[in-house]
Every structure is written in structure tokens, then in C-alpha cells.
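If you want the building blocks of each chain, they are given just below.
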Amino acid sequence: MAAGDAGAVRGRRAGPDHRDPREQRRIRPVTQGFGIAPTQTSAALRLDSITYVAGRTLLDDVSVSFPAGKVTALSGPSGSGKTTLLSIAGGLLQATSGNAVLDVGQGPQDMWTGSGDPRSEVAFVLQVYGLVPILSARENVSIALRARGTSPADADEAAEAALARFGIADLGERQVEELSGGQMQRVACARGFVVGADVLLADEPTSELDEGNRGVVLGELREEAARGAVVVVATHDPAVVEACDLHIALDEGRVIR
Ligand SMILES: Nc1ncnc2c1ncn2[C@@H]1O[C@H](COP(=O)(O)OP(=O)(O)OP(=O)(O)O)[C@@H](O)[C@H]1O
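Note that the structure is predicted; figures quoted are calculated from it, not measured.

Re helix 5 (residues 181-193)
Step number 1: Taking 1.5 Å per residue as the helical rise, helix 5 with its 13 residues ought to reach 18 Å, and the 18 Å between its terminal C-alpha atoms agrees with that figure.
Step number 2: Counted residue by residue, helix 5 has 11 buried out of 13 residues, so it is predominantly covered.
Step number 3: Q183, M184, Q185, R186, V187, A188, C189, A190, R191, G192 and F193 are the residues of helix 5 that are buried.
Step number 4: Buried residues belonging to helix 5 abut strand 6 (122-125), helix 3 (137-146), helix 4 (152-165), strand 7 (199-203) and helix 6 (211-226).

Shown next as C-alpha cells:
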């Protein structure tokens, strides 16, 4: 759905969410594609010989490819370099050497734009959430779309639908600082997923969640891949790794699998 189609869904409000996750997923298309170009199904994110040095070598000659249409697990012990790798893959950090490149069918694009601001094709679910505590859950999700040029009304509408995907439609008006850790994590998921990005990078998106909600997030990650996105999820959780299509493991900054 293009940004201009967003008005077509106006009036379809998400109410308090008592539906099962399958029911929630039916409204997903409402949130897809707001404010960005249509998804490129041929997309792949490649890291070529990435080394990152900050006092010491944190990533050492890492070459991996994340294909579109698949959920790739990125596992490894604490401190092995998962967040650093995602940050370079998404253009938040510049590699010391090597390249992170997005192939979207119009030729390769460097993920590092020179500013530390990610390309518009990229959305993150950050490990530390990065939410604005004094804003409501809905506003925190809505701003991801407004920043991409979606009108406030359409962004709010899509934000409500995105919160419903994670079973928290009833928390939309609550200030984030009043939410539990798991609720905040689901708001962070909604904010990352709402934009329908070509590349979705999720850093430990289920670490605070119970089994049921972990299953919901995994289902949503799969749905994002099914529409053609590159999806990468950093995790410690063997159950999350098991649910992914592909698996890359890091140890001390090197790919070991
Ligand atoms: N800005 C920085 N400067 C120096 N060292 C850093 C910096 N950021 C992270 N590190 C170090 O880099 C290593 C990798 O950190 P990173 O956060 O990428 O690991 P991780 O695998 O995501 O860990 P976790 O599972 O605990 O989140 C760690 O040893 C960390 O202490």
C-alpha cells in the first residue's frame, strides 16, 4: 500500500484487543508500506569483510548475506558483537573497513549514509527500545511514520493497528513510562514493524516476553519476511533461533556458523 492509500483505512479503529493473535494478524496490511517505497522482493543485505575496531577489534572480517523473504537469526554469547553488527548493517555505525550493502534491484546501495541516520528502507527494533517515555504508546509508534512523511491522522491510524498486532491496542493512550518492560518491548516492536520497511533489524525483540507473546512476535517477524522484507533477529534464545529460516552465529566478533 502506498502512502497515499493510507486514507483508505481511515475509520477502521482498533479497539481493546481481546482477539487471538491470528485474528490480530488479519489487519496487518493496514500498516504496510506507509511512507516508503514498495517492498523490493529481490532485496538482500550483504556485509562484505566487515571489521570494526573501537579500542579493540569488535568485529573481525565478517562476511554474511541476509536474503529477502527469510528470517535470519543472529546468535552468539553476550558481547559477541550482535548489536554492533546490526548497527553497521542498518547504517547506524560506520565499519572500520568493509562494506554493508543493500541490493534492491536498482543497484547496490551503501548502508552507511555518512550521518549515522539509517536509510529509509531500514527499520530497527532496538534492544534498549529507544522509546520516548513521556509520549503515549500510540505516539511512539506514530512518530516512526510521521518521520517518513505520513500525515498525522494516517500515522495514528496505522500506529493503532500496529499496536494491535502485538496485542496492546488497549495501551495506546498510556504513557510509555507507565508500562512494564514487556509492554515497552511490544511498543518497540510495533514501532519497528509499522513502517513496512525493506529491511527489519530486531535486536533481542523477545527478551522480556512470555512464551505466548514471544510466539506473537515470531509470527509477525515471519509475516514481514513473507511480504519480501529482509528480516534479521539478534537473539540468545534457542527457541527463537529454531523458529527462524536461517542462522548465523557469532563468537568474539567472528562468524562461526
Ligand atoms: N562503543 C563501544 N566502544 C567500545 N566497545 C564497545 C562499544 N560498544 C560495544 N562494545 C563492546 O563490543 C563488544 C560487543 O558488543 P555488542 O553489544 O555488539 O554485543 P552483543 O553480542 O550484542 O551482546 P549482548 O548479547 O549482551 O547484547 C562487547 O565486548 C562490548 O563491550
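There's plenty left to go through after this.
Observations regarding the sheet that holds strand 8 (residues 230-235)
Step number 1: Read across the open sheet, the 6 strands follow the order 6-7-8-3-9-10; overall the sheet is mixed. The outermost strands of the open sheet, each flanked by one partner alone, are strand 6 and strand 10 (254-255).
Step number 2: In the packing of helix 2 (residues 82-89) onto the sheet, the strands contacted are strand 3 (71-75), strand 7, strand 8 and strand 9 (246-251), and the crossing angle to strand 8 comes to about 160°.
Step number 3: Sheet strands in contact with helix 6 are strand 3, strand 7 and strand 8, and its direction is about 150° off that of strand 8.

Digging into the site of the ligand
Step number 1: Neighbouring the ligand are A54, G55, L58, G76, S78, G79, S80, G81, K82, T83, T84 and Q127.
Step number 2: A class-by-class count of the residues in the shell around the ligand yields 2 nonpolar, 9 polar and 1 charged.

A closer look at the environment of T72
Step number 1: Mapped onto the elements of the fold, T72 is located in strand 3.
Step number 2: Take T72: there are 20 C-beta atoms within 10 Å of it, and that puts it in the buried class.
Step number 3: Put simply, T72 and L171 are 99 residues apart on the chain and 30 Å apart in space, counted from C-alpha to C-alpha.
Step number 4: Not counting the four nearest positions on each side in its chain, T72 is found in contact with F66, V231, V232, C244, D245, L246 and I248.

A look at the pairing of strand 3
Step number 1: Of all the 5 residues making up strand 3, 5 are buried; the element is thus mostly covered by neighbouring parts of the structure.
Step number 2: For strand 3 and strand 8, the ladder comprises 5 bridges, and the chain directions are parallel. Looking at the pairing, A73 lines up with V233 of strand 8.
Step number 3: Pairing geometry for strand 3 and strand 9, over 4 bridges, is parallel. For L74, the partnering residue across the bridge sits in strand 9 and is I248.

Definitions and limits used
Residues numbered from 1 in each chain as written. Predicted model: local features only at pLDDT ≥ 70, side-chain atom pairs only at ≥ 80, totals over all residues. Helix = DSSP H or I, 4+ residues; strand = E, 2+ residues; numbered from the N terminus. Expected span 1.5 Å × (residues − 1). Buried ≥ 20, exposed ≤ 12 C-beta atoms within 10 Å, placed from the backbone. Contact = placed C-beta atoms within 7 Å. Pairing = 2+ DSSP bridges. Axes fitted to C-alpha atoms, helices over the stretch in contact; angles between N-to-C directions. Near = placed C-beta within 6 Å. Nonpolar A, V, L, I, M, F, W, Y, C, P; charged D, E, K, R; others polar.

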